[in-house]
Amino acid sequence: MNKKILNFQTEVKQLLKLMINSLYSNKEIFLRELISNASDAIDKLRFKSFKNNKLLESDSNFKIEIFYNKIQKTITISDNGIGMTEKEITLNLGTIAKSGTKEFFSKLSNNQKKNANLIGQFGVGFYSGFIVADLITVNSRKAGKPKEKGISWQSKGTGEFSIENINKLNRGTEVILHLKKNEEEFLSSWKLKLIIKKYSDHISIPILMYKEIWDKSKKKFFITNKKEIINNTQALWTRNKSEIKIEEYNEFYKNITNDNKNPLTYIHNKIEGNNEYIQLLYIPSKAQLDIWDRKKKGGLKLYSQRVFILDNVKQLLPPYLRFIKGIIDSANLPLNISREILQDSKNIRIIKENSTKKVLNMLENLIKSDKKLKTKKYKIFWKNFGNILKEGLGEDIVNRKQIINLLRFNSTYFNKKEKLTSLKKYKKRMLNNQDNIYYITAENYKTAINSPHLEIFKKKNIEVLILIDRIDEWILSFLTEYKNKKLISIAKGNLNLGNLETDEEKKQKKEKEKKFLKFIKKIKLILKDKVQDVRTTSRLINSPACLISDENDISNNLIRILKSSGQNPKKNKQILEINPKHLLIKYIKKEKEFFNEWINILYNQAILSEGGNLTNPSNFINNLNKIFAIIIKKNKNF
Ligand code: ADP
Ligand code: MG
């Protein structure tokens, strides 16, 4: 094959430009990324070799080597892993294969710090080499292919790269960075070792460098031809908990996730017995871009006795815990296990059940430690992952109770502040005669807090939970009661205040109903196509009217959600409730000439006040203006 010049994918060009500028202050991470790629490549080969031993070419001494050359100003990262074919190298080092690339670019801004965070989250990867190099050569040969099938890839990190055929004796990949002018600081064994220790210490494959000795007479380091291992090859999770520093846990997390923020918390356990395994699980402090995708890959890596088996394993935790990152190292799994077999493995099922419990306990402990240490980690957790955890209510019946205790809601208790409460605390605050837990669902906090449905509750000081997330409508079908207290929507059915209503109030209500019978009949006649019923209510204080769904109907909020997701739900007619004590109602009751207009205004107001859309807004405005005109005409000064 002759030398070929190829263009980078547009996204890569954008990424390159951006990365060089926005990551400059953190440039040393290039080494972590390239070592991580080398380690991945070796893991891949090791895994493949279980089925096909020939791939090892009688060299099973896996290693990563780092060299530097002061004269040529190069750093080389070399591995004897799986290697790449021509096709693979073109694809892997010329495009971005990851999903979420589009979202990634759409989130980029002029804010360098934010961008750097995003790239960290996204995985800087191979291209980060161009932060310090103005030319990168990658020589690679796929394991199992003859030595003439080597490929050399080269690029200056601008618009294009070249590939050509080479002979490569050893399988695997070497990445040669030709450093930029001012990056000579990396041409030092001291500096390189420091970076390796900092970021790649836990890598289970030995990272080798030539040993250097201080030459006293020449006052210079002298490079020997003996190699030494730089990293602590003992996998972090196999070490004793008490000997691992929190910084090491955090660094390990960053290494396996590409996240650049520390995790919120973690658990590290060794489970003994028939089914022996180690579990190291982290809660990130930030959601990944694709976290909403329920089909998203899992966040756990599976090892069998320190040997990497599979990445992104879904079978180790239920989907509602897909935000958890970490590793499971089992002592009982065959090394050649496949994803398909995992599904049926009893050991895996047991690990999953136990890990689920452990994660839920970890969340409970996070709440406790927040209290103790006056931190707010659970709040961060809830903001990022609360809505995903809620999926567990439907998904995980076994642990439903525990999940319910982890739920947090906005509440009227906090007096117009968006603060969160648990059901436990709500229950503690319930009034003496209160039998039910009340909630309102709405599109957002503001609509909810200003809803007319809340009026009587405000007046009587009854706390109402405010549910404003899309998924809340769905979880309500699983969350019907808490500790024998029913959860009741304040926008559905007859106002049910239970024992919170006094006998006097009940009596008054009956009397009003009688007095309003005729009036209500007249309204029904006008609105008969629009509502299923009209009735008086004691739920309103300041508003003249509101709309209520029947007990078993789906709520207006849910209808709105379904519509916005492209569905066409059948909507049952609602009930118009009027406030017999309201001045406007008293007036309309006597009104003759513009009765129709008034009723129309009343009905449309009720729709608007809970965030609904009018089917005929101009009709509403015309009616309003008619009424205004009368008032204006009556004003003698005009
Ligand atoms: P990521 O590692 O997150 O997939 P990178 O940009 O770091 O992204 O690498 C892109 C791809 O290039 C890798 O997924 C891998 O397929 C390939 N690759 C990079 N380095 C090596 C290597 N040393 N050996 C084999 N393949 C490699
Ligand atoms: Mg990588």
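What counts and how
Residues numbered from 1 in each chain as written. Chains lettered and ligands numbered in written order. Predicted model: local features only at pLDDT ≥ 70, side-chain atom pairs only at ≥ 80, totals over all residues. Heavy atoms only, no water. Helix = DSSP H or I, 4+ residues; strand = E, 2+ residues; numbered from the N terminus. Rg over C-alpha atoms; globule rule 2.2 N^0.38 Å. Buried < 20%, exposed > 50% of the residue type's maximum accessible area, 1.4 Å probe, protein only. Contact = heavy atoms within 4.5 Å. Areas by Shrake-Rupley, 256 points an atom, 1.4 Å probe, with all protein chains shown as cover. Lys, Arg positive; Asp, Glu negative; His and termini not counted. Charge placed at Lys NZ, Arg CZ, Asp CG, Glu CD. Salt bridge = Lys/Arg side-chain N within 4 Å of Asp/Glu carboxyl O. Expected span 1.5 Å × (residues − 1). Core = buried A, V, L, I, M, F, W, Y, C linked by side-chain atoms within 4.5 Å. Domains from an automatic or database assignment. Pairing = 2+ DSSP bridges.

A. Structural view of the overall build of the chain. Scanning the chain for helices and strands turns up 22 helices and 23 strands. The C-alpha radius of gyration computed for the chain amounts to 33 Å, which surpasses the reference 26 Å derived for 638 residues by more than 25%, pointing to a less compact arrangement than a globule. Burial analysis of the chain (638 residues in total) assigns 51% to the buried set. Counting contacts in the chain only where the partners sit at least 6 residues apart, residues at least 24 apart contribute 70% of the total. In the structure as shown, the chain presents an accessible area of about 33,800 Å², 50% of it carried by carbon and sulfur atoms. Between the centroid of the 121 positive side chains of the chain and the centroid of its 68 negative side chains there is a distance of 4 Å.

B. Structural context of the pattern of salt bridges. A full pass over the atoms with the stated rule returns 27 salt bridges. Glu33 is the partner of Arg32 in a salt bridge, and the nearest nitrogen-oxygen pair spans 3.2 Å. For the residue pair Arg32 and Glu33, the accessibility class agrees, reading buried in each case. A salt bridge links Glu248 to Arg239; the shortest N-O distance between them is 3.0 Å. You can call Glu248 partly exposed: its relative accessible area is 22%. Arg239 gets classed as buried once you look at its relative accessible area, which sits at 14%. It is possible to trace a salt-bridge network through shared partners that takes in Lys27, Glu183, Glu185 and Lys191.

C. Region of interest: helix H2 (residues 29-49). Look at H2: 30 Å from first C-alpha to last across 21 residues, which is about the 30 Å you get at 1.5 Å a residue. With respect to burial, H2 is a largely interior element, 16 of its 21 residues being buried.

D. Representation of the nonpolar core. Counting residues in each nonpolar core, the largest one holds 71 residues, and the members touching the most others are Leu302, Ile324, Leu363, Phe381, Leu389, Tyr438 and Phe457. Here the element with the most residues in this core is helix H9 (residues 346-373); it accounts for seven residues. Looking at this core, you find at least three residues from each of domain 2 (236-373) and domain 3 (410-638).

E. Local environment of the pairing of strand E23 (residues 574-578). Of all five residues that make up E23, five are buried, and the element is covered over most of its length. Neither face of E23 is left uncovered, since the one carrying Gln574, Leu576 and Ile578 and the one carrying Ile575 and Glu577 both have all their residues buried. Bridge count between strand E21 (residues 531-536) and E23: five bridges; the pairing is parallel. Each bridged residue has a counterpart across the sheet, and for Val531 the counterpart in E23 is Gln574.

That is the geometry; function is a separate question.
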